[in-house]
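Below are the chains, spelled out letter by letter.
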Amino acid sequence: MDILFFKLATFLYLLGTFAFLAYILFLRGALSKIAVAIVSAGFASHTLAIFSRYIEAGYTPVTNLYESLSFFAWMIIALLLIATFKYKVRVLGAFLTPMALILMLFALALPKEILPLAPVLNSFWHPFHVVFAFLGNAIFTLTFCFGVMYLIQEHQLKAKRMGAIAKRLPSLNLLDDLSYLSLKFGFPLLTLGIITGAVWAEYAWGRYWNWDPKETWSLITWLLYAALLHQRLTVGWRGRKAAMMAIVGFLAVLFTFFGVNLLLPGLHTYSKWGQ
Amino acid sequence: MELLVIGLNHNTAPIEIRECLAFPKDKLEEALARVHALSSLKEDMIVSTCNRVEIYAATREIEKAIYDLKAFFSQYHGVSLKEFEKNLYAPVGEEAVRHIFRVASSLDSMVLGEPQILGQIKDAYDLSQQAKTSGLILHRLLHRAFHVAKRVRTETKIAISAVSVSSVAVELAEKIFGTLEKKTVLLIGAGEMCELAARHLVSGGAERILVTNRTYERAVSLAQEFKGEAVPFEDMTQGFKKADIVISATNSPQYLIGHDQITRVMKDRKQKPLFFIDIADPRDIEPTVGDVENVYLYNIDDLHKVANENIKDREKEAQKAETIVQDEVVKFVSWYRSLDVTPTIVALRQKFEEIRRKELEKTLSLHPDLSDKEKKSLEALTSAIINKILHTPITLLKQTNEEAMADLYLDALHTLFGLPEKSFETLLERLEEKEETHLEDAL
């Protein structure tokens, strides 16, 4: 049941991606409305997929890579819908929907059976840890997108080209504001994710911090974003520097999520391929 | 009578030459009087903007008029003709009409569709009216040109997006700041250019205007117009700290604003973005200022470039506009060709009518016993005969658009029928006495 909803959601995100691409190609308001409607439908189906899996498995479904990717994509779409309705940044969908789609397709290729929960994951703290960490990372995905959009738009302005690209992107000011705003939400969530993770680690492994690769890379990520926040707050960093830092931070997020799982062995290996 | 345009514009001449040949506003009247004094010209007016310098004229001696006007440009500005002759264009007749219509409709502008040019032409025309250097032909021509401009504006989308340089500046500011609300604009220089640009930004929502100028009093008076503040010229750097947008248009021969200065300013501003618009010529702002982080620098050429990008999508609309122009050119040309043939037609009709009347009188005096009804019949018969005879040649004359052919017919008619030389000027005098604008009715 959950797999069916998941596949339907993937299909709708695919349609939504096309609709958003059509929107940025033709800049018709109606197309963006259609795209948002399709993605919203996909999101509803995706929610059902996660919820029915939760009922069926009896635990929060974020225990293997398939579930994690699905959850991550779900958060990204949720944030996309919020940002679209609240800030009217219509082009954002053209960035985030394809990203979510890639995560979904990636997840589709992975084993999806519901397995009995490993004892180490059966903890009060585990769902909190995972939800905080993923929500933080999903928000940083937005920060990343705003950063990329900022750099593109700034390049257009500095190169004095006000053509098709510039027309489709929001103003520098809005992009920088949203980038800062998302950082202000993402950073505390990442912090909470790491703290709840430490608490859970104490239960599971008997120590708060084990210097396992995932922990180390999370810390690196955290330090990068902490530095960005600090520079923004005190030195008044903004614009290009902040955008580039947000991109670097997101690369660390990606490595923590994928790189560590796939390349570095450690205690977090239950979220490795199929295990 | 032939129409003539002589001049140069942004396509044919670089700025240095345009500047050399431009007529300053305060000397325009005197220059116009000197042009009008040339014996080869009947009517004339001068259009002088930063992108074009043109003289519109009606003349009987086209070659001489062109020669005289070239000599005038050279003498008036003290520049050798060799320096700029290759930059000049001199369309005549139909081509001149098309040129003027295209200029007025802003199809010949650097920024296609920009609205200022029409106002500039209207001013030039008004001046020629005051100075009485324009007459019936330019009068009619310019009124048609304004009509064409209006048609182009309402029937095509040429004028819609942007396209004046000032509105491009507003568009850019919006791409940087999102909205102009609560933004502060600093004007450096209190000239007309600054004022115009500031007006656009204010109507776009800008909140506060600061003005600085070498002469403090002028800064104060311009600031008052915008309910803004004047900033002493020495405190310009203070102004940078408060402003979001800086427009500079002074006559300073060297850079006023340098890279290092702005780097320091940005530190004080905590990197809040700053948008510089340099509309001065020569430039006021060192180009490397644009490399400073969070600083955006556009000079007048950049703004033009952006404006032109906006226009590429509108090639089709331009095509439509050209069709309208062509339409109106044909209409106008056939009217003004008719000016040449009309005196002959009138004379021809008079000649025939005279013959008819004389012969009719003779016949009637030979037959005094005719009834009134019979007399009327004779009257009608003779009138019908001459109308039928004249119909074909008159229609032909009116329809001949080609001047050489028309001249040939006119000569032939004058010779064959021994018509008096009724000159074009007498016709014009008659028309002007009546202050006639609707010429068709008069003819």
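Computed from a predicted model, the values in this text were never measured in an experiment.

### Quick notes on the overall build of chain B
So, step 1. Summing up its helical and strand segments, chain B has 18 helices and nine strands in all.
So, step 2. Here chain B, with 443 residues, has 38% of them falling under the buried criterion.
So, step 3. Residue pairs in contact within chain B that sit at least 24 positions apart in sequence constitute 72% of those at least 6 positions apart.

### Some thoughts on the overall build of chain A
So, step 1. Each helix and strand counted, chain A has nine helices and zero strands in total.
So, step 2. Counting from the amino terminus, chain A carries its helices and strands in the arrangement α-α-α-α-α-α-α-α-α.
So, step 3. The buried share of chain A, taken over its 275 residues, is 44%.
So, step 4. Contacts in chain A between residues at least 24 apart in sequence constitute 78% of all its contacts with a sequence separation of at least 6.

### What about the interface of chain A and chain B?
So, step 1. Facing the 14 residues of chain A at the interface are 18 residues of chain B.
So, step 2. At the level of secondary structure, the elements contributing two or more residues to the side of chain A that touches chain B comprise α5 (125-158), α7 (172-205) and α9 (239-263) of chain A.

### Side note on the pairing of strand β9 (residues 295-299) of chain B
Residues and elements named next belong to chain B.
So, step 1. Burial runs high along β9: five of the five residues are buried.
So, step 2. Side chains V295, L297 and N299 of β9 all project onto a buried face; the interleaved residues Y296 and Y298 project onto the opposite face, where all are buried too.
So, step 3. Bridge count for strand β8 (residues 274-278) against β9 is five bridges, and the pairing is parallel. Opposite D278, over in β9, you have N299 as the bridge partner.

### Examining the packing of helix α5 (residues 94-104) of chain B against helix α14 (residues 315-366) of chain B
If you want to describe how two helices pack, look at the angle between their axes and the distance between the axes.
Residue and element names in this part refer to chain B.
So, step 1. In contact at an axis separation of 9 Å, α5 and α14 are set at 135° when each is read in the N-to-C sense. Here α5 is positioned oblique relative to α14, judged by the angle of their axes. The two elements α5 and α14 meet at a crossing, and its hand is right-handed. Across from E94, V97, R98, F101 and R102 in α5, the residues of α14 making contact are V325, E328, V329, F332 and V333.
So, step 2. Considered class by class, the residues forming the contact of α5 with α14 number six nonpolar, no polar and four charged.

### Let's talk about the packing of helix α7 (residues 136-155) of chain B against α14 of chain B
Residue and element names in this part refer to chain B.
So, step 1. Put simply, α7 and α14 touch, their axes get as near as 10 Å, and they point 160° apart. Accordingly, the angle class assigned to the pair α7 and α14 is roughly antiparallel. Note on packing geometry: the crossing formed by α7 with α14 is right-handed. Contact with α7, carried on its side by I137, L141, R144, V148, R151, V152 and E155, involves A321, I324, V325, E328, F332 and Y336 of α14 and no other residues of that element.
So, step 2. Tallied by class, residues from the contact of α7 with α14 come to nine nonpolar, no polar and four charged.

### Quick look at helix α15 (residues 372-399) of chain B
All names here are of chain B.
So, step 1. Compared with the 40 Å implied by 1.5 Å per residue over 28 residues, the 39 Å span of α15 between its first and last C-alpha is a close match.
So, step 2. If you look at α15, its biggest bend is around 40°, right at H391, and the proline P393 turns up within four residues after that.
So, step 3. Counting buried residues in α15 gives one out of 28 residues, a small share hidden from the surface.

### Let's talk about the sheet that holds strand β5 (residues 208-213) of chain B
Residues and elements named next belong to chain B.
So, step 1. With parallel pairing, six strands are arranged side by side in an open sheet as β6-β5-β4-β7-β8-β9. Looking at strand neighbours, the two that pair on one side only are β6 (229-232) and β9, the edges of this open sheet. Adjacent strand axes in the sheet meet at a mean angle of 20° when their direction is disregarded.
So, step 2. Here β5 pairs with β6 via four bridges, running parallel. Its bridge partner lying in β6, T212 is registered against V231.
So, step 3. Those strands touched by helix α8 (residues 165-177) are β7 (245-248), β8 and β9, and its axis lies near 165° from that of β8.

### Observations concerning the sheet that holds strand β1 (residues 2-9) of chain B
The strands making up a sheet are joined through hydrogen bonds of the backbone, oriented either antiparallel or parallel.
All names here are of chain B.
So, step 1. In spatial order, the strands read β1-β3-β2; together these three strands make up an open sheet with antiparallel pairing. What marks the edges here is a single partner per strand, and that holds for β1 and β2 (41-48). Across the sheet, the axes of successive neighbouring strands diverge by a mean angle of 10°, strand direction being ignored.
So, step 2. Here seven bridges tie β2 to strand β3 (residues 52-59), and the two strands are oriented antiparallel to one another. Note on β3: the bridge partner recorded for V47 is E54.

### Examining α14 of chain B
So, step 1. A rise of 1.5 Å per residue sets the reference length of α14 of chain B, with its 52 residues, at 76 Å; its end C-alpha atoms lie 74 Å apart and thus fit the reference within 8%.
So, step 2. Along α14 of chain B, the residues that are buried comprise A321, V325, E328, V329, F332, Y336, R337, V341, P343, T344 and L348 of chain B.

Thresholds applied
Residues numbered from 1 in each chain as written. Chains lettered and ligands numbered in written order. Predicted model: local features only at pLDDT ≥ 70, side-chain atom pairs only at ≥ 80, totals over all residues. Helix = DSSP H or I, 4+ residues; strand = E, 2+ residues; numbered from the N terminus. Buried ≥ 20, exposed ≤ 12 C-beta atoms within 10 Å, placed from the backbone. Contact = placed C-beta atoms within 7 Å. Pairing = 2+ DSSP bridges. Axes fitted to C-alpha atoms, helices over the stretch in contact; angles between N-to-C directions. Parallel < 35°, antiparallel > 145°, perpendicular 65-115°, else oblique. Left-handed = near helix turned anticlockwise from the far one by under 90°. Nonpolar A, V, L, I, M, F, W, Y, C, P; charged D, E, K, R; others polar. Expected span 1.5 Å × (residues − 1). Bend = angle between axes of the 7 residues up to and from the residue.

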